[in-house]
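Analysis of the macromolecular model
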Amino acid sequence: MLPEPPKKHPGGGIEESEEAAVNETAEGEPKYGGTLRFGYGTSIATPGYTPMATANAYLYYLTLAYENLITYDNDGQIIGKLATEWVIDNDEPSITWTLREGVEFADGTPFNAEAVKVNIEEYQANSRTETANVKSCEVIDDTHIKMILESVNSSTLESVGYFVFYMSPDVLKNDRASLDTSTCGTGPFQLTEFENNAYAIYSKNENYWQEGLPYLDSVSITTVTEETTKSTAFQAGEYDMIDASSPTILQELDGAGIYLTEKNENGMGVGTLGLIPNSAIDSPWTDERVRRALCYAIDVDAINAAFQLGTAQLTDQWAAPGAVTYNDDLNHFKYDPERAKELLAEAGYADGFTTNLVTVSTLSDAFTAIANMLEEVGIHCEIQLVDGSTQNQMYMDGTWEGLMPHWTTVSPDLGLYMGRHLDYDGAYYAKGIQHPDKEMNLLEEIRTCTDETERRNLEKELQKAIYDAEEGSCLFGRPLYISPSIMYKYDYVMNDRAKEAFASAWDLSGCWLDK
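Please read all numbers here as calculations on a predicted model, not as lab measurements. (Residues numbered from 1 in each chain as written. Predicted model: local features only at pLDDT ≥ 70, side-chain atom pairs only at ≥ 80, totals over all residues. Heavy atoms only, no water.)

Topic: the packing of helix H6 (residues 227–235) against helix H7 (residues 247–256)
The relative placement of two packed helices is expressed as an angle between their axes plus a distance between the axes. The interhelical angle for the contact between H6 and H7, taken along N-to-C directions, is 15°, at an axis separation of 10 Å. Between H6 and H7, the angle is such that the two are roughly parallel. Our pair here, H6 against H7, has a crossing hand that is right-handed. Only Ile249, Glu252 and Leu253 of H7 make contact with H6, whose side of the interface consists of Glu227, Thr228, Ser231, Phe234 and Gln235. Classifying every residue of the contact of H6 with H7 gives 3 nonpolar, 3 polar and 2 charged. (Axes fitted to C-alpha atoms, helices over the stretch in contact; angles between N-to-C directions. Helix = DSSP H or I, 4+ residues; strand = E, 2+ residues; numbered from the N terminus. Parallel < 35°, antiparallel > 145°, perpendicular 65-115°, else oblique. Left-handed = near helix turned anticlockwise from the far one by under 90°. Contact = heavy atoms within 4.5 Å. Nonpolar A, V, L, I, M, F, W, Y, C, P; charged D, E, K, R; others polar.)

Examining the packing of aromatic side chains
Going through the model one piece at a time under the given rule, you end up with 25 aromatic pairs. Look at tyrosine 40 and tyrosine 60: their rings are 5.4 Å apart centre to centre, the planes differ by 70°, and that puts the pair in the edge-to-face class. Of this pair, tyrosine 40 sits in strand E2 (residues 35–40) while tyrosine 60 sits in helix H2 (residues 59–65), and the two are 20 residues apart along the sequence. The pair tyrosine 40 / tyrosine 60 is uniform in exposure class, with both members buried. Ring plane angle 5° and centroid distance 5.6 Å describe the contact between tyrosine 490 and tyrosine 492, whose orientation is recorded as stacked. Tyrosine 492 shares its class with tyrosine 490; the two are buried. Here a set of aromatic residues connected by ring pairs shows up, and it is made of Phe38, Tyr40, Tyr60, Tyr61 and Trp506. (Phe/Tyr/Trp six-rings, centres within 6.5 Å; stacked < 30°, edge-to-face > 60°. Buried < 20%, exposed > 50% of the residue type's maximum accessible area, 1.4 Å probe, protein only.)

Comments concerning the environment of leucine 414
Mapping leucine 414 onto the fold places it in helix H13 (residues 414–417). When its relative accessible area of 0% is taken as the criterion, leucine 414 is described as buried. Taking the C-alpha atoms as reference, leucine 414 lies 9.5 Å from lysine 460; in sequence the two are 46 residues apart.

As for the environment of threonine 129
The topology assignment puts threonine 129 in the loop between helix H3 (113–125) and strand E7 (134–141). Separated by 362 residues in the primary sequence, threonine 129 and aspartate 491 place their C-alpha atoms 40 Å from one another.

Some remarks on the pairing of strand E11 (residues 218–223)
Counted residue by residue, E11 has 5 buried out of 6 residues, so it is predominantly covered. Relative to E11, E2 is paired through 6 bridges, and the arrangement is parallel. By the bridge assignment, leucine 36 is partnered in E11 with valine 219. Pairing of strand E10 (residues 199–204) with E11 involves 5 bridges; the strand directions are antiparallel. Bridging from a neighbouring strand, serine 203 pairs with serine 218 of E11. (Pairing = 2+ DSSP bridges.)

Digging into helix H16 (residues 452–467)
Helix length check: H16, at 16 residues, gives a terminal C-alpha distance of 22 Å against a target of 22 Å (1.5 Å per residue), a fit within 8%. In this fold, the buried residues of H16 make contact with H13, helix H14 (419–422), helix H15 (437–448) and strand E18 (478–482). Here H16 starts with a cap whose side-chain oxygen sits 3.3 Å from the backbone nitrogen of threonine 453, and that cap is aspartate 451. (Expected span 1.5 Å × (residues − 1). Polar contact = N/O pair within 3.5 Å; in protein donor to acceptor, adjacent residues only side chain to side chain.)

What about the sheet that holds strand E13 (residues 260–262)?
On the basis of which strands lie adjacent, the open sheet formed by 7 strands has the order E9-E10-E11-E2-E12-E19-E13 and mixed pairing. Strands with a single pairing partner mark the edges of an open sheet, and in this sheet they are strand E9 (189–195) and E13. Sheet twist, expressed as the mean angle between neighbouring strand axes with direction ignored, is 20°. Examined bridge by bridge, E9 and E10 share 6 bridges and lie antiparallel to one another. By the bridge assignment for E10, glutamine 190 is matched with serine 203. Of the strands in this sheet, E2, strand E12 (241–244) and strand E19 (486–489) are in contact with H6, which crosses E12 at around 150°.

Re unusual backbone geometry
With an omega of -15°, the peptide bond running from glutamate 92 to proline 93 counts as cis. Summarising the element assignment, proline 93 is placed in the loop between strand E5 (83–89) and strand E6 (94–99). Here leucine 213 and proline 214 are connected by a cis peptide whose omega angle stands at 0°. Even without being glycine, serine 127 reaches a positive phi, approximately 60°. Within the secondary structure layout, serine 127 lies in the loop between H3 and E7. Even without being glycine, cysteine 474 reaches a positive phi, approximately 50°. Within the element layout of this structure, cysteine 474 appears in the loop between H16 and E18.

Put into C-alpha cells, the structure is as follows:
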C-alpha cells in the first residue's frame, strides 16, 4: 500500500465565525465597555503559567488571556485560532503549521514559530503528556513550523493544537515566577488583579490582534463554591453570569423563567462524575475483583434520584450512551450487593476492609450515601474532606489513598481524552492507577490507527477492557452520571459562547453587554 500523502487542512476563518456568532445571538450593533461579572465554582492557583493549569475547569480562566493553535466552532469541528492551516504527514510523521500573521503577545513580543517552539519545549519540561509525541520542532520561517512526531498518533493534532496555550517567550525567559499570578498571552484580556480562591480580574488587552476587539473593558471572575450563595447573588444582580450544577438550583433558576440558559448541546466536552480507587498504592484496591465489587455495590439510580432529582443522564463507560465510542455489547454493571460480597470473598476480603473516601464538601452528602452502600457489603469508608486545591493536587500526583471523585471529559477521541488519565504520565489520576498491558496496548493501537472505522472498534474494545462487569479492570472505578453543567445569564449578555463545543471554545473577545 502506498503511504498516505500529506493532508492539508485549512484552519477556517476565525473572524468569519465570530461575526456569524454575533449576528446569531445579538440584535443591534455591539457596544463597547463594561465588565462581565462571572460567578464561578472553581478557583485557579496559577492563572498565568499555563503548563501547570491542567484541569479542564481552568479553561474559563486560560481562554481569557491565552490562545491555542486550534479551537472549535459551534458544531464542535476544529477550526484555526493562532494557526490558519496545517499539513499532516503520516509518512514522516509530522504536522506542519501555518501560523497567523500579525499576532503579538501582550508585552509586544511577536507570536511566531520560535514562540511555538519555546512553548512546546516548556510543556515538555513540565512532563505534559499532550506534547510527549513531539520529537522536535523545526522552525521553517516566522509563520511556519514543523513538529516532527515520535510516531503516528491520531490524537496529536488536538493534543498539541488545543491543549497548549501560548505564553510570551520573553516573559518565560526573564520572569518565570511572576507568571504564577500574572499573564502574558495573545488573548483578548490579561490578568490585572488576582487573589487565589477569591477572584481574578482581567482587563482589555490593548494589543489584541483582532481589530476592534474585545468589546468589554474587563471580565471579573469571583470564586463562589456554595451554589445557593452563588444563585442568590446572581438573582440579586451581583453577577451577570454563573455556572450551576445543583439540580435544586437548576430547577429554581429554570422556574424563574427570566434567565437565559446555555447548555452543551453537541456532547463535546461534557463531563462525568465517578468514584475512582487508587490501585497504584498497595491496598485491597490493587485487586480488580475488589474494584468490580465497588461497582456492583453502588446503586446509581438511587444516587441520581436522591441527589440529582432523577435528572442526570447515567453512564457506565467513558462515553454517553448512544455515542460512537459507547459499547452496548459489554456486560453492564447493575446494583447487586450479593455479587459484590462474592467478589470480595474471592479476593480474600470476606470480612471486608477499611478504606478512605476523599472528597470535597459539595459532594459530601452524596458520597456519604455511597459510603453507606459500601458499608453494606463490608467496605467501611472513613470520609476525608479536603478543599478543591488539595484534591486537585492529589489527583495530579496520584497521592490519594482509597477512593476519591473521578471527573472525566467525554469526547469521541479516547486516545486523547481517556489517554490523559490512562497514559503512564497522564495529566490526571494516572499516577494513582495501574497500567495493565492490555489496556495500554489498546490505547497505543487507538492512537496509531489512521482508519476511523477501525479506531472506533478499538475504542469499544478499550471500553470493554475497563468497564465490563465480569472481566473489566475497572481502573477508573464506577461512573455515576454525566455531570449537569449549565451557564445562566441575563439577556443583556451577548455572544459569550459559554457552552459552545467545549470550555476551550469560550471566547469573550466578541462578547458585549446590551445595557
